[in-house]
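Here is what each chain is made of, one letter per residue.
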Amino acid sequence: DIVFAEGVDGKPHLLGKGAFGEVYLARWNYTEVAVKVLHVGENIRQQEEFRREAELLRALRHPNVVMYLGSCLVPGQQNMVVMEFAAGGTLSSKLATDGLAGQPRRFGWYGRGRMIAHGVATGLAYLHASHIIHFDIKSSNVLLDRAGLTAKIADVGLSKIARGSEVSQTMRGTESYLAPELYGYGSEKCTNKVDVYSFGVLLAEIITGEPPSKRFGLREPIVPDECPQEAVDLYRRCIDRDPLARPTALMVRRGQLTG
Ligand code: ADP
Ligand code: MG
Ligand code: MG
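None of the values given here were measured: they were computed from a predicted structure.

Draft legend 1. Representation of the coordination of the magnesium ion (ligand 3). At 2.1 to 2.7 Å from the magnesium ion (ligand 3) lie its protein donor atoms, namely Asp155 (OD) and Asp155 (OD). Separation of the magnesium ion (ligand 3) from the magnesium ion (ligand 2) amounts to 4.4 Å, with Asp155 serving as a shared donor to the pair. By secondary structure assignment, the location of Asp155 is in the loop between strand 10 (151-153) and strand 11 (160-161).

Draft legend 2. Broad picture of the coordination of the magnesium ion (ligand 2). Protein ligation of the magnesium ion (ligand 2) involves Asn141 (OD1) and Asp155 (OD), the donor distances falling in the range 2.1 to 2.2 Å. Of the residues examined, Asn141 reaches a relative accessible area of 7% and is grouped as buried. On the basis of relative accessible area, Asp155 is assigned to the partly exposed category, the value being 25%.

Draft legend 3. Broad picture of the packing of helix 4 (residues 193-208) against helix 5 (residues 229-238). The N-to-C vectors of helix 4 and helix 5 enclose an angle of 150°; their axes lie 7 Å apart at closest approach. It follows from the interaxial angle that helix 4 and helix 5 lie roughly antiparallel. The two elements helix 4 and helix 5 cross, and the hand of that crossing is left-handed. The segment helix 4 lies against helix 5, with Val196, Tyr197, Phe199, Gly200, Leu203, Ala204 and Ile207 engaging Ala231, Val232, Leu234, Tyr235 and Cys238. Partitioned by chemical class, the residues of the contact of helix 4 with helix 5 number 11 nonpolar, one polar and no charged.

Draft legend 4. The arrangement of the packing of helix 3 (residues 109-129) against helix 4 in detail. At a minimum axis separation of 10 Å, helix 3 and helix 4 run at an interaxial angle of 170°. Relative to helix 4, helix 3 is oriented roughly antiparallel. Each of Trp109, Gly113, Ile116, Ala117, Val120, Ala121, Leu124 and His128 in helix 3 lies in contact with helix 4, whose residues at this interface are Asp195, Val196, Phe199, Leu202, Leu203, Ile206 and Ile207.

Draft legend 5. Structural detail: helix 5. Within helix 5, burial applies to Ala231, Val232, Leu234, Tyr235 and Cys238. One side of helix 5 holds all its buried residues, which, seen down the axis, span an arc of 160°.

Draft legend 6. Layout of the site of ligand 1. Taken together, 17 residues surround ligand 1, and among them Gly18, Lys36, Glu84, Ser140 and Asp155 come closest. Here Lys36 contributes a side-chain N or O atom positioned 2.8 Å from an oxygen atom of ligand 1. Bound to the protein, ligand 1 loses 83% of the 550 Å² it would expose on its own. Breaking the shell around ligand 1 down by element, the ones donating at least two residues are strand 2 (14-17), strand 4 (31-38) and strand 6 (80-84).

Draft legend 7. Region of interest: the sheet that holds strand 9 (residues 142-144). The strand order across the open sheet formed by three strands is 7-9-10, and the pairing between neighbours is antiparallel. Only two strands of the sheet have a single neighbouring strand rather than two, namely strand 7 (89-90) and strand 10. Where strand 7 lies against strand 9, two bridges are found, and the strand directions are antiparallel. Following the sheet pairing, Thr90 is matched in strand 9 by Leu143. Lying on the sheet, helix 3 is in contact with strand 9 and strand 10; it crosses strand 10 at an angle near 35°.

Parameters and conventions
Residues numbered from 1 in each chain as written. Chains lettered and ligands numbered in written order. Predicted model: local features only at pLDDT ≥ 70, side-chain atom pairs only at ≥ 80, totals over all residues. Heavy atoms only, no water. Donors = N, O, S within 2.8 Å, 3.2 Å for Na, K, Ca; no water. Helix = DSSP H or I, 4+ residues; strand = E, 2+ residues; numbered from the N terminus. Buried < 20%, exposed > 50% of the residue type's maximum accessible area, 1.4 Å probe, protein only. Axes fitted to C-alpha atoms, helices over the stretch in contact; angles between N-to-C directions. Parallel < 35°, antiparallel > 145°, perpendicular 65-115°, else oblique. Left-handed = near helix turned anticlockwise from the far one by under 90°. Contact = heavy atoms within 4.5 Å. Nonpolar A, V, L, I, M, F, W, Y, C, P; charged D, E, K, R; others polar. Arc of directions from axis to C-beta. Near = heavy atom within 4 Å. Polar contact = N/O pair within 3.5 Å; in protein donor to acceptor, adjacent residues only side chain to side chain. Areas by Shrake-Rupley, 256 points an atom, 1.4 Å probe, with all protein chains shown as cover. Pairing = 2+ DSSP bridges.

Now the structure itself:
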């Protein structure tokens, strides 16, 4: 049985909020787990989307992708997905808290930045090898383990299976991470290079310690001295306007991030 943990206020311990539900800390077989719960009474379409997300996550298994543990997807009942608890929280909150007050919030490339970026690239290469385009890579969808070193890609809610190389997608996701080929009013053709673009934005976020702004690629980020030129070059190549000029996730993983 799943036992929801109590927060300091006696209410269930909330880990995060989404558009159609919440994520809570719970205990399951003596293990801490995270439970994503869909609001009761969400419409059939939302229930279907939630089921799709759960099924997608269930099929995946990789140390850099948040691990599925179980689910309850009974129509009319409380729909939930149980997954491993990432005790380090989101990368976005880590980046926001680990800066010095009043200083640019630099995360440190050699401290943790490089390790985390490498983890995300490895998880992304696994997703792409599994013919999945994530479509929502961003710092609030990257979770960390307790040590804050192992990155886990979460939230496959917008993900799609891409059997061929191209899929159609409408403009969804978060604007500052969105690849230019997704800008449009209808259904745009795209490849898994949209995730590489988002990864590039994420990489710049790790390097500079600052959250990306809209149209990030147009502004020159402030790069700390300790950050090697290769990392800067890599992020620039990832956010190239031309999807074909961007490296694949596997190339990124095998590239400068390990050095
Ligand atoms: P949404 O699709 O609504 O964005 P997410 O799956 O991204 O939902 O989860 C929302 C938030 O809940 C995350 O940004 C994070 O703060 C928290 N969260 C989600 N899953 C976990 C987990 N496995 N461990 C710890 N926190 C989590
Ligand atoms: Mg999310
Ligand atoms: Mg989602």
